[in-house]
Amino acid sequence: MPETEATPVQNAEIDTQEAEAVATKTAADKVADAVSTASVRRAIERSREIEEQIALDPSQFRMLTGARPTGNLHVGHYFGTLINWVGLQNRGVETWTLIADYQVITDRDGVGPLKERVYGLVTDYLACGIDPEKTTIFTHSAVPALNQLMIPFLSLVTESELNRNPTVKAELEASGGRALSGLLLTYPVHQATDILFCKANIVPVGQDQLPHIELTRQIASRFDRRYGRAEKDNPVFRRPDALLSEAPLILGTDGEKMAKSRGNTIEIGFTADETAQVLKKAKTDSDRVITYDPVNRPEVSNLLMLAALASGGDPETIAAEIGGGGGGKLKAVVTEAVNEALAPVRARRQELAADTTYIHEVLAAGNEKANEEANRTLGEVRQAMQMIY
Ligand code: TRP
């Protein structure tokens, strides 16, 4: 969708027309699929352009990464996103890394041992190569001015937009009919505050998060139209782009989504033995000849992909090498590749975990820096809104 220049009110009218158009189609799902496929394709193209620009001049970019503190990081996070973030950080992209603690209270489920998880995540990040000299690690709850942006931003979105947000809808469906909290409904707006408070212009996310980035761009431009600028020539907010990664999604050892509750994850912090144990129980199939065939042999192919990511090889070649060795050989190959790739990360993690003072200091320093930035941005927002008294 081209950048909307409409005011929120005009936009609400457009939204109604869109909703009607969709309702008259017999295959509304197909429409939604087509729209999202097109926007995914655009986001991929744009991501490749940004990658090229980063190679030329990384200093033009500020990246905001975000993750919920819901548990320890696993190999899916590591090979799917972390390696990528660390690579960008090391290429000179200024990085802000949010631990989204206010996002885990969006539903009514218990949040678990939150403090432990937050510090655990800081430890995982540092072990994986996030460098606190280059990256600001911070949490929502410690940055009041970030959260205050929620009020003006909520004035810029309509209720129907929130109700139509695909992620909100999916969460609602997954909740099995339980009531939706007000925070869940508005969390995409809160996510916009994460990105806009620090004026990030790139946000590495998965495809499912694209609607949130689009909403963030709309909020940035609507703020400019509705409330104006603190400085005549510069809008308060930049419009961020999603950066889609090329890494494939790694599933759990049973071929389902990785989740601690399923016992199908390989955590970064596991020992080599724990890794071997989980992989020993991994699901394969009865065909002894190992081939890479994601459609017909999803579990075997997932393990091959994991081995490939861990060893820097490709899944077909690894499959050919295993040949008639069967599931047992495949598991041995994956175990060795993962343990070898993670050995240095795990060694660092152990050292870091023993130094809680340092972990606490890193987060405190990050929060302090995030507060400075958020206060500065909120100052500009209040200036633009004529609310400096
Ligand atoms: N919603 C993201 C997730 O579930 C986490 C997140 C919170 C985030 N704030 C963000 C991601 C800002 C990108 C930018 O994974």
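Residues numbered from 1 in each chain as written. Predicted model: local features only at pLDDT ≥ 70, side-chain atom pairs only at ≥ 80, totals over all residues. Heavy atoms only, no water.

K.L.:
Explanation requested: the overall build of the chain in the structure shown.
P.N.:
Counting secondary structure elements, the chain contains 15 helices and 5 strands. The C-alpha atoms of the chain give 22 Å as radius of gyration, which agrees with the globular expectation for 389 residues (21 Å, within 12%). Projected onto its principal axes, the C-alpha positions of the chain cover 70 × 60 × 45 Å. Taken over 389 residues, the chain has a buried fraction of 47%. For the chain, the share of sequence-separated contacts (at least 6 apart) that also reach a separation of at least 24 residues comes to 77%. As displayed, the chain has an accessible area near 19200 Å², and 53% of this comes from carbon and sulfur atoms. The distance from the centre of the 41 positive side-chain charges to the centre of the 54 negative ones in the chain is 2 Å. (Helix = DSSP H or I, 4+ residues; strand = E, 2+ residues; numbered from the N terminus. Rg over C-alpha atoms; globule rule 2.2 N^0.38 Å. Buried < 20%, exposed > 50% of the residue type's maximum accessible area, 1.4 Å probe, protein only. Contact = heavy atoms within 4.5 Å. Areas by Shrake-Rupley, 256 points an atom, 1.4 Å probe, with all protein chains shown as cover. Lys, Arg positive; Asp, Glu negative; His and termini not counted. Charge placed at Lys NZ, Arg CZ, Asp CG, Glu CD.)

K.L.:
Looking at this structure, I do not really get the site of the ligand. What am I missing?
P.N.:
Contacts to the ligand come from Leu64, Gly66, Arg68, Leu98, Ala100, Gln103, Gln191, Asp194, Ile195, Val203, Val205 and Gln209. Between the ligand and glutamine 103 there is a distance of 2.8 Å, counted from a nitrogen atom to a side-chain nitrogen or oxygen. Between the ligand and aspartate 194 there is a distance of 2.7 Å, counted from a nitrogen atom to a side-chain nitrogen or oxygen. Relative to its free-state accessible area of 370 Å², the ligand is covered by the protein chains to the extent of 86%. The element best represented in the shell around the ligand is helix α9 (residues 182-197), accounting for 3 residues. Residue composition of the shell around the ligand, grouped by class: 6 nonpolar, 4 polar and 2 charged. (Near = heavy atom within 4 Å. Polar contact = N/O pair within 3.5 Å; in protein donor to acceptor, adjacent residues only side chain to side chain. Nonpolar A, V, L, I, M, F, W, Y, C, P; charged D, E, K, R; others polar.)

K.L.:
Can you help me understand the environment of glutamate 274 in this one?
P.N.:
Assignment of secondary structure puts glutamate 274 in helix α11 (residues 272-280). Here threonine 271 takes part through its backbone nitrogen, which lies 2.8 Å from a polar atom of the side chain of glutamate 274.

K.L.:
It is not clear to me how the pattern of salt bridges should be interpreted in this structure. Could you clarify?
P.N.:
If charged atoms from side chains of opposite charge come close, those side chains can pair. Summed over the entire model, instances satisfying the criterion amount to 17 salt bridges. The partner of arginine 62 in a salt bridge is glutamate 94, and the shortest N-O contact between them spans 3.3 Å. Separated by 32 residues along the polypeptide, arginine 62 in strand β1 (residues 62-67) and glutamate 94 in strand β2 (residues 94-99) bring together distant segments of the chain. Taking the relative accessible area as the measure of exposure, glutamate 94 reaches 29% and is therefore partly exposed. The partner of aspartate 224 in a salt bridge is arginine 229, and the shortest N-O contact between them spans 2.9 Å. Residue classification places aspartate 224 among the buried positions, given a relative accessible area of 17%. What you see here is one network of salt bridges that share partners, running through Arg46, Glu49, Arg217 and Asp241. (Salt bridge = Lys/Arg side-chain N within 4 Å of Asp/Glu carboxyl O.)

K.L.:
Looking at this structure, how should I read α11?
P.N.:
Residues three or four positions apart in an α-helix share a direction because the helix packs 3.6 residues into each turn. By the burial criterion, the buried members of α11 are Thr275, Val278 and Leu279. The arc that holds the buried residues of α11, viewed along the axis, is 95°, so those residues lie on one side. Those residues of α11 that are exposed and angled more than 90 degrees off the buried face are Asp273 and Lys280. Residues of α11 that are buried sit in contact with α12 (298-311) and α14 (326-353). (Arc of directions from axis to C-beta.)

K.L.:
Looking at this structure, how should I read the nonpolar core?
P.N.:
Nonpolar side chains tend toward joint burial in soluble globular proteins. Core analysis: the biggest nonpolar cluster contains 56 residues, and Leu82 and Tyr125 have the highest contact counts within it. Looking at which element gives the most residues to this core, the answer is α12, with 8 residues. Ignoring sequence-local partners within four residues, the contact set of tyrosine 125 consists of Ala67, Leu73, Leu82, Trp85, Thr97, Ile99 and Ile130. (Core = buried A, V, L, I, M, F, W, Y, C linked by side-chain atoms within 4.5 Å.)

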